[in-house]
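The lines below spell out each chain.
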Amino acid sequence: MKRLVLALLLASSGCYWSSPPSTPHRSVRFDVGATPDLGKPQIPALAGNRLVVLGRFDTTAGNPIGGLYDRKDYEVSALQRTYFFKDGAVEIFEHVSDGLRASGLPVLKDYAGRAEPALVEPAVRAQAPMLVSATVTALQHDQIRDKKESVDVEVGLLEVALLVRDVNGKVALSKTYRVEGRYPYDGLTDMLKLLGWKLAEKLTADPAFIAAVGATKKGG
Amino acid sequence: MRHLSVFLALALFGCGAGAPVRGTLLGPEIPAAPVPRTPQITLAVPSVIDERPDDEHEGSSVRTRLFIFFGVGVHIRREGNFLTNDFTVGPDAIKELRGLAIQHLTAGQVAKKVVATGAADFELRLVAEHVYGTHFAANKQTVVVLSSKQSTDAFVDVQSHNYAAYGNVTLRAQLVDKRGAGAGNVVWTEHVTGYAQRPAGEQRILEVQNAVQLATADALATLTQRVGATLDRLGVGPSGAPMVLASGSALPATFAIERMSRYRDFLERVFVDTSTGRVLRHEVMPAPDRYSSRPGDWVLSRVTAEGLHLSGDGYEAFARALAARYDLRRVDDVTHYHFFGVRGAT
């Protein structure tokens, strides 16, 4: 017994340090200081006569969608609690649509479908719309109190794989977009709305997307 | 030495979540169709393809962040994620998934017959991209043993933080038309997800396994809705053969408007007398397709007063005819006209 205990003692003595995950599975750990400010979305004006049908976003992102972290003062782990939200992708879809419309693009939403070419009904097909389908591949919303920051911050991440097709299924654009950033907590700003509008800002500033939906920059 | 044995035993003590048991996806009762259905086609569901990432097969456990042995004591900090593996999700999970998909689609009356193999009008191909349960965990333990010739005292401090358990299921679904000239055409592709959350507690692994079962049921309920909605749009769905309004035919005496509830659980449908604009009947039902329209907005229903589903062309003709008296505008939704009441009334 003595030998066994001694062997255990020797095997386990000293100091061992490792870096297991400090966030839920599939969440990323944000370095708040290195995360850019999201800022206010600036949607450029576009001119487009071609109808854009935006399909309801689907998702491969997981739950929990995020967590509350207190990195200044904690007993066991900085992660205080985790958050569940089932319809995050649909919420993002609504806000991206609003953002695209703010640019002047004529956008209709396909709630019941994902803007599948085979499912476009005759009256809409006759207008030869461009069909935009999107899959949310990452969505995260954390609330963080960081010891290096003077104010609490909200941090968000959105990644979307986007496909633009015509009604015959011909692909005009296939591209992945990513939005990541922070803003100071104010109790009013809706992170998912901000992420959706920032994605719309990215899309409407991207010449490849503008060309794919048959639009042009106003005045350009 | 006896004292050392005591605190080593304490220090090596696990986190107390209980030993994992073999998992299964077979969980809650499968619900029947919430509204009467008239399926028109047959559907085959071949074997589900397993594309889960390696970590979901292997699983993971909470790991040691810091271990310090300091002569008369031990301090351990542990943190990380419990993640199910093939055993805790269920060794037969992918087979069970297919069986459950067939049961859900059958109970939802999406098709006249849902079969595992054999000829059918449509084929539903499923790829399992994610099927897992997880919870975060963190705990720390400090054990100090102080002994003298007279007595032995031990100081033990254990702190832990329990987090909710989550179930996640992601299926990539494709519906393939196997009929006639268009045989082999993929008519619909979508990632169908199911999520569930269970409370933090002592039975953490069991709760994670429950969450996976609930997430599976959630994904398959959504799959049933989505496949039904897709078939409806093709005119061969469970809402029955679509009604086609002939050009110049008399308007139906009654039409319906509807709105989705805030949380997409219920659909509110109001039947209106076409000639007077008076409300005749008001119904609230479980939403047959929770994503069919925007919550809170009144839209012209694609269902007639008799419960017949309108085809795309039929809906357009119906809306055009009603537009002489009612304010109908396509402002937001490509498959619905928004309803703003009687013209000139506001």
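Residues numbered from 1 in each chain as written. Chains lettered and ligands numbered in written order. Predicted model: local features only at pLDDT ≥ 70, side-chain atom pairs only at ≥ 80, totals over all residues. Heavy atoms only, no water.

### Some words on the packing of aromatic side chains
1) Next: Scanning the entire structure with this criterion turns up eight aromatic pairs over all chains.
2) Next: Site record: aromatic cluster; members linked through ring pairs are Phe57, Phe93 and Tyr111 of chain A.
3) Next: The ring of Phe271 of chain B carries the charged tip of Arg281 of chain B above its face, separated from the ring centre by 4.0 Å.
4) Next: Between Arg302 of chain B and the ring centre of Tyr315 of chain B, over which it is positioned, the NZ or CZ distance is 4.7 Å. (Phe/Tyr/Trp six-rings, centres within 6.5 Å; stacked < 30°, edge-to-face > 60°. Lys NZ or Arg CZ within 6 Å of the ring centre and 35° of its normal.)

### Overview of the domain arrangement of chain B
Residues and elements named next belong to chain B.
1) Next: Looking at the assigned domains, one finds that chain B contains domain 1 (2-235) and domain 2 (254-342).
2) Next: Between domain 1 and domain 2, the contact holds nine residues from the first and nine residues from the second.
3) Next: Interface of domain 1 and domain 2: buried area, both sides summed, is about 720 Å²; carbon and sulfur atoms make up 57% of it.
4) Next: Considering only the surface of domain 1 that becomes buried against domain 2, Pro34, Val35 and Gln225 emerge as the three largest contributors, covering 51% of it.
5) Next: Applying the counting criterion to the domain 1 and domain 2 interface returns one salt bridge.
6) Next: Of the charged contacts in the structure, one is a salt bridge between Arg226 and Asp289, with a shortest N-O distance of 2.7 Å.
7) Next: At the surface where domain 1 touches domain 2, the tally comes to two residue pairs in polar contact (both at pLDDT 80 or more).
8) Next: For the side of domain 1 that touches domain 2, a count of residues per class yields three nonpolar, two polar and four charged. (Domains from an automatic or database assignment. Contact = heavy atoms within 4.5 Å. Buried area = accessible area lost by both parts, 1.4 Å probe. Salt bridge = Lys/Arg side-chain N within 4 Å of Asp/Glu carboxyl O. Polar contact = N/O pair within 3.5 Å; in protein donor to acceptor, adjacent residues only side chain to side chain. Nonpolar A, V, L, I, M, F, W, Y, C, P; charged D, E, K, R; others polar.)

### A look at the interface of chain A and chain B
1) Next: With 59 residues of chain A in contact, the opposing surface of chain B contributes 65 residues.
2) Next: In total, about 5700 Å² of surface goes out of reach between chain A and chain B, with carbon and sulfur atoms giving 55% of it.
3) Next: The three residues of chain A that bury the most area against chain B are His25, Val76 and Leu119 of chain A, which together make up 12% of that side's buried surface.
4) Next: Here chain A and chain B share nine salt bridges between them.
5) Next: Across the salt bridge formed by Glu190 of chain B and Arg56 of chain A, the nearest N and O atoms sit 3.2 Å from each other.

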